[in-house]
Amino acid sequence: MAKRALNQLDVAGKRVLVRVDFNVPIDQGIEGIFLYDQRLRATLPTIRYLISQGSRVVLCSHLGRPNGEVVDGLRLAPVGDRLAALLERPVKSVPEIIGPAVESAVAEMAPGDVLLLENLRFHPGEEKNDGAFACELAGTVDCFVMDAFAVAHRAHASTAGITKFLPSAMGLLVQREVESMGRALESPEKPLAALLGGAKV
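A brief report on the enclosed structure follows. Treat the numbers as computed from the prediction; the structure is a model and nothing was measured.

**Considerations on the sheet that holds strand 5 (residues 143-146)**
Pairing is parallel in the open sheet, where six strands are placed in the order 3-4-2-1-5-6. The sheet is open, and its two borders are formed by strand 3 (92-93) and strand 6 (168-170), each paired with just one other strand. Both strand 1 (residues 15-19) and strand 5 contribute to a ladder of four bridges, which runs parallel. Bridge pairing in strand 5 places V18 opposite V145.

**Some remarks on the pairing of strand 1**
Counted residue by residue, strand 1 has four buried out of five residues, so it is predominantly covered. Of the pairings in the sheet, the one linking strand 1 to strand 2 (residues 56-60) comprises five bridges and is parallel in character. Across the sheet, residue L17 finds its bridge partner in strand 2, namely V58.

**A few points about a nonpolar patch on the surface**
A cluster of nonpolar side chains, namely F34, L35 and Y36, defines an oily patch on the protein surface of about 330 Å² accessible area. Look at F34 and you get partly exposed, because its relative accessible area is 48%.

**Digging into unusual backbone geometry**
Of note, the bond from K190 into P191 is cis; its omega dihedral lies within 30 degrees of zero at 5 degrees. Within the secondary structure layout, P191 lies in the segment after helix 7 (172-186). Within the chain, E88 stands out as a residue other than glycine whose phi angle is a positive 60 degrees. For E88, the location among the structural elements is in the loop between helix 3 (77-87) and strand 3. Judged by relative accessible area, E88 falls into the exposed class, the value being 73%. Its identity is not glycine, yet N129 carries a phi of approximately 55 degrees, on the positive side. Tracing the sequence through the fold places N129 in the loop between helix 5 (124-127) and helix 6 (131-138).

**Looking at the nonpolar core**
Residues L17, F22, L59, V79, L83 and L117 are the most contacted members of the largest nonpolar core, which totals 57 residues. Elements represented by at least two residues in this core include exactly strand 1, helix 2 (38-52), strand 2, helix 3, helix 4 (100-107), strand 4 (114-116), helix 6 and strand 5. Once you skip the residues sitting within four places of it in the chain, V79 turns out to touch F22, V24, I26, I33, L40 and L63.

**Some points on helix 7**
Here helix 7 is 15 residues long and its end C-alpha atoms lie 21 Å apart, about the 21 Å a rise of 1.5 Å per residue gives. Among the residues making up helix 7, those that are buried are L173, V174, Q175 and G182. If you follow the buried residues of helix 7, they end up packed against helix 2, strand 5 and strand 6.

**Description of the state of the cysteines**
Following the criterion strictly, the structure yields zero disulfides and no others. With no disulfide of its own, C143 has C60 as its nearest cysteine by sulfur position, at a separation of 13 Å.

**Here we look at the pattern of salt bridges**
Per the counting criterion, the structure on display carries ten salt bridges. Among the salt bridges present, the one from K14 reaches D10, with a minimum N-O distance of 3.2 Å. Exposure remark for K14: the relative accessible area of 27% places this residue in the partly exposed category. On the accessibility criterion, D10 (48% relative accessible area) is partly exposed. Note that E126 and R19 form a salt bridge whose closest N and O atoms lie 3.7 Å from each other. Residue E126 is found in helix 5, and its partner R19 is found in strand 1; the two are separated by 107 residues along the sequence. Classification of R19 by relative accessible area gives buried; the value is 0%. Put simply, D37, R41 and R82 are held in one network by salt bridges that share partners.

Quick notes on the rules
Residues numbered from 1 in each chain as written. Predicted model: local features only at pLDDT ≥ 70, side-chain atom pairs only at ≥ 80, totals over all residues. Heavy atoms only, no water. Pairing = 2+ DSSP bridges. Helix = DSSP H or I, 4+ residues; strand = E, 2+ residues; numbered from the N terminus. Buried < 20%, exposed > 50% of the residue type's maximum accessible area, 1.4 Å probe, protein only. Patch = residues over 30% accessible without salt bridge, like charges linked within 9 Å, V, L, I, M, F, W, Y side chains within 5 Å. Areas by Shrake-Rupley, 256 points an atom, 1.4 Å probe, with all protein chains shown as cover. Salt bridge = Lys/Arg side-chain N within 4 Å of Asp/Glu carboxyl O. Core = buried A, V, L, I, M, F, W, Y, C linked by side-chain atoms within 4.5 Å. Contact = heavy atoms within 4.5 Å. Expected span 1.5 Å × (residues − 1). Disulfide = S-S within 2.5 Å.

Function cannot be inferred from these measures alone, as they are strictly geometric.
Structure, rendered in structure tokens:
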């Protein structure tokens, strides 16, 4: 199945929702985010590309397992602060995912601005892939970019459901991973070794 690359999506001057993976060890405080910010760094090329196109960049991510409830220790604002330092430009964090506060924050954005929504998993509709939640998430933007490779296999509202409502494309991180896997599966260089890891293997 053909996948749309970022440069094939019209993002110039558009409000772009980007699904990122900022699931970092926030329980270790600001120092933990600083030491383990590889996931933030991995999304910088996509964010910078969108900024260069004059897009209004709206980021969304999950953090931890709050099970559909608001957990103060799993708020994304501290992650937004670290992202701002990496981008060397302001990142505004809004303590909501959908609703009037988000609508207002997006409406106030100028080209090149970056906004970070609150933890997606605070809403029970995220992991249930609830269509109504996905529709509301899509309601304030023009298009969607998937740049969270680590959760691309999950049928959640912000990874799968939202694509029913918006023109969508892969971010640069996801594109790089898809191309690398394609080469490894279709025409691998030999000898070949595969390393598997992670708590769930």
